[in-house]
Amino acid sequence: MRIALAIVAAAVGMNVPAPVHGPGTIVVTLAPNAPTKIVDGPFAVSSINPGSRLVLAMGSTTCSGQLVWFEYSGGGVAVGAGQTLCARSSAHEPTTHGFSGHSE
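Here's what I pulled together on the structure shown here. (Residues numbered from 1 in each chain as written. Predicted model: local features only at pLDDT ≥ 70, side-chain atom pairs only at ≥ 80, totals over all residues. Heavy atoms only, no water.)

### Brief notes about the pattern of salt bridges
Next up, step 1: Scanning the entire structure with this criterion turns up one salt bridge.
Next up, step 2: Between D40 and K37 there is a salt bridge, with its nearest N and O atoms 2.9 Å apart.
Next up, step 3: We classify D40 as partly exposed; its relative accessible area is 39%. (Salt bridge = Lys/Arg side-chain N within 4 Å of Asp/Glu carboxyl O. Buried < 20%, exposed > 50% of the residue type's maximum accessible area, 1.4 Å probe, protein only.)

And the structure:
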């Protein structure tokens, strides 16, 4: 018997995309332990809700390869031009997060 295991490497659902300009919230349902692209910069994230069981990284255009992951501490995250904000959930089930902030 052969069992195949697939790891989802994308968001389960991108419910609300990034705003083109000005304030807004990006709503994303993250699959467990799957590096997921959230937004391309410039975008200033002021809060993430709920923001628990979540690690973040900055990529150049994708969320693959050698990324340095850091725990979200409740502060803001500045995503510069040419950078991509990546997120990975440590929850055991898909979890929805809202990334609130401001697009330049």
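What follows picks up the thread again.
### Digging into the environment of V77
Next up, step 1: Within the fold, V77 resides in strand 7 (residues 77-79).
Next up, step 2: The exposure class assigned to V77 is buried, which follows from its relative accessible area of 9%.
Next up, step 3: Between the C-alpha atom of V77 and that of S47, which follows or precedes it by 30 residues, the distance is 8.1 Å.
Next up, step 4: Sequence-distant contacts of V77, defined by excluding residues within four places in its chain, comprise F43, A44, V45, L56, M58 and L85. (Helix = DSSP H or I, 4+ residues; strand = E, 2+ residues; numbered from the N terminus. Contact = heavy atoms within 4.5 Å.)

### A word on the packing of aromatic side chains
Next up, step 1: Within the structure shown, the criterion is met by zero aromatic pairs.
Next up, step 2: For the cation-ring pair, R88 lies above W69, with the distance from its terminal atom to the ring centre recorded as 4.3 Å. (Phe/Tyr/Trp six-rings, centres within 6.5 Å; stacked < 30°, edge-to-face > 60°. Lys NZ or Arg CZ within 6 Å of the ring centre and 35° of its normal.)

### With respect to the state of the cysteines
Next up, step 1: Following the criterion strictly, the structure yields one disulfide and no others.
Next up, step 2: Linked covalently through their sulfurs, C63 and C86 form a disulfide whose S-S length is 2.1 Å. Disulfide C63 to C86: torsion about the S-S bond roughly -90°, handedness left-handed. Taken together, the residues C63 in the loop between strand 5 (54-59) and strand 6 (70-71) and C86 in strand 8 (residues 84-89) connect sequence positions 23 residues apart. (Disulfide = S-S within 2.5 Å.)

### Details of the pairing of strand 4 (residues 43-49)
Next up, step 1: Summarising the sheet, strand 4 and strand 7 pair through three bridges and their orientation is antiparallel. Note on strand 7: the bridge partner recorded for A44 is A78.
Next up, step 2: By the bridge criterion, six bridges tie strand 4 to strand 9 (residues 95-103) in an arrangement that is antiparallel. By the bridge assignment, I48 is partnered in strand 9 with F99. (Pairing = 2+ DSSP bridges.)

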